[in-house]
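Read off the chains here:
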Amino acid sequence: MNTRPNITISTLDAERLESLLESLPDGTFPGREALEAELLRADVVAPKDIPPTTVTMNSTVRFRVGPDETFKLTLVYPRDADGSPDRISVLAPVGSALLGLSQGDEMEWPKPGGGAVKVLIEEVTYQPERAGELHR
């Protein structure tokens, strides 16, 4: 049984991510197959047709963990990750899993030292498509 939620990505993100994957030398990115699988299963639509609550590249997302803890992250391309704690690369396993999800979806988040915690995508606080900024 497949319990993964449906995902939607834009044609622009799909093209950019496929180019990124093609540019990576073989064997340098352990999560390559997972990201490729996400791209293959995604519903790909024109940027203007992306729902405003969907996580796209360069979106900022507020997550909820339990009743009292929230945090924000921006999903970025590797060149923009820069080690900031508020950015996550799409090449990270959590980053590729986040792509295309929507407000209200839950995902497993690895905990330091092992295990995982469920986090809720509480809000997409910024989305380039919604803001009309397609060339970020």
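Cut-offs applied
Residues numbered from 1 in each chain as written. Predicted model: local features only at pLDDT ≥ 70, side-chain atom pairs only at ≥ 80, totals over all residues. Heavy atoms only, no water. Phe/Tyr/Trp six-rings, centres within 6.5 Å; stacked < 30°, edge-to-face > 60°. Helix = DSSP H or I, 4+ residues; strand = E, 2+ residues; numbered from the N terminus. Buried < 20%, exposed > 50% of the residue type's maximum accessible area, 1.4 Å probe, protein only. Polar contact = N/O pair within 3.5 Å; in protein donor to acceptor, adjacent residues only side chain to side chain. Contact = heavy atoms within 4.5 Å. UniProt positions renumbered as here; feature names shortened; annotations may be inferred. Pairing = 2+ DSSP bridges.

The chain is annotated in an unreviewed UniProt entry as Nucleoside diphosphate kinase regulator from Luteimonas padinae.

Our next topic: the packing of aromatic side chains. If you walk through the whole model with that rule in mind, you get 3 aromatic pairs. When the ring of Phe 63 is compared with that of Trp 109, the centres are 5.3 Å apart and the planes differ by 65 degrees; the resulting orientation is edge-to-face. Taken together, the residues span a long stretch of sequence, with Phe 63 in strand β3 (residues 60-65) and Trp 109 in strand β6 (residues 106-110) at a distance of 46 residues. The two residues Phe 63 and Trp 109 agree in class, both being buried. Ring centres of Phe 71 and Trp 109 lie 5.4 Å apart, and the angle between their planes is 75 degrees; this geometry places the pair in the edge-to-face category. Taken together, the residues Phe 71 in strand β4 (residues 69-76) and Trp 109 in strand β6 connect sequence positions 38 residues apart. By relative accessible area, Phe 71 is classed as partly exposed at 24%. Here the aromatic residues Phe 63, Phe 71 and Trp 109 are joined through ring pairs into a cluster of three or more.

The next point concerns the side chain of Ser 59. Along the polypeptide, Ser 59 turns up in the loop between β2 (43-45) and β3. For Ser 59, a relative accessible area of 0% corresponds to the buried category. Side chain to side chain, Ser 59 and Thr 56 meet in a polar contact 2.9 Å long. Once you skip the residues sitting within four places of it in the chain, Ser 59 turns out to touch Thr 54, Leu 73, Thr 74, Leu 75, Val 124, Tyr 126, Gln 127 and Pro 128.

Attention shifts here to the UniProt feature "domain: Regulator of nucleoside diphosphate kinase N-terminal" (unreviewed entry) in the chain. Summarizing the sequence annotation, UniProt attributes the feature "domain: Regulator of nucleoside diphosphate kinase N-terminal" (unreviewed entry) to residues 5-45 in the numbering used throughout. Within the segment residues 5-45, helix and strand shares are 56% and 15% respectively, and the terminal C-alpha atoms sit 17 Å apart.

The next subject is the pairing of β4. The pairing of β3 with β4 spans 6 bridges and is antiparallel. The residue bridging Arg 64 from the neighbouring strand is Thr 70, located in β4. Direction of pairing for β4 relative to strand β5 (residues 87-89): parallel, over a ladder of 3 bridges. Within the sheet, the bridge partner assigned to Thr 74 lies in β5 and is Arg 87.

The UniProt feature table records "domain: Transcription elongation factor GreA/GreB C-terminal" (unreviewed entry) at residues 53-126. With 8% helix and 45% strand, residues 53-126 has end C-alpha atoms that lie 9 Å from one another.

Another point: the environment of Glu 33. Within the fold, Glu 33 resides in helix α2 (residues 32-41). We classify Glu 33 as exposed; its relative accessible area is 65%. For the pair Glu 33 and Thr 70, spaced 37 residues apart in sequence, the C-alpha to C-alpha distance is 30 Å.

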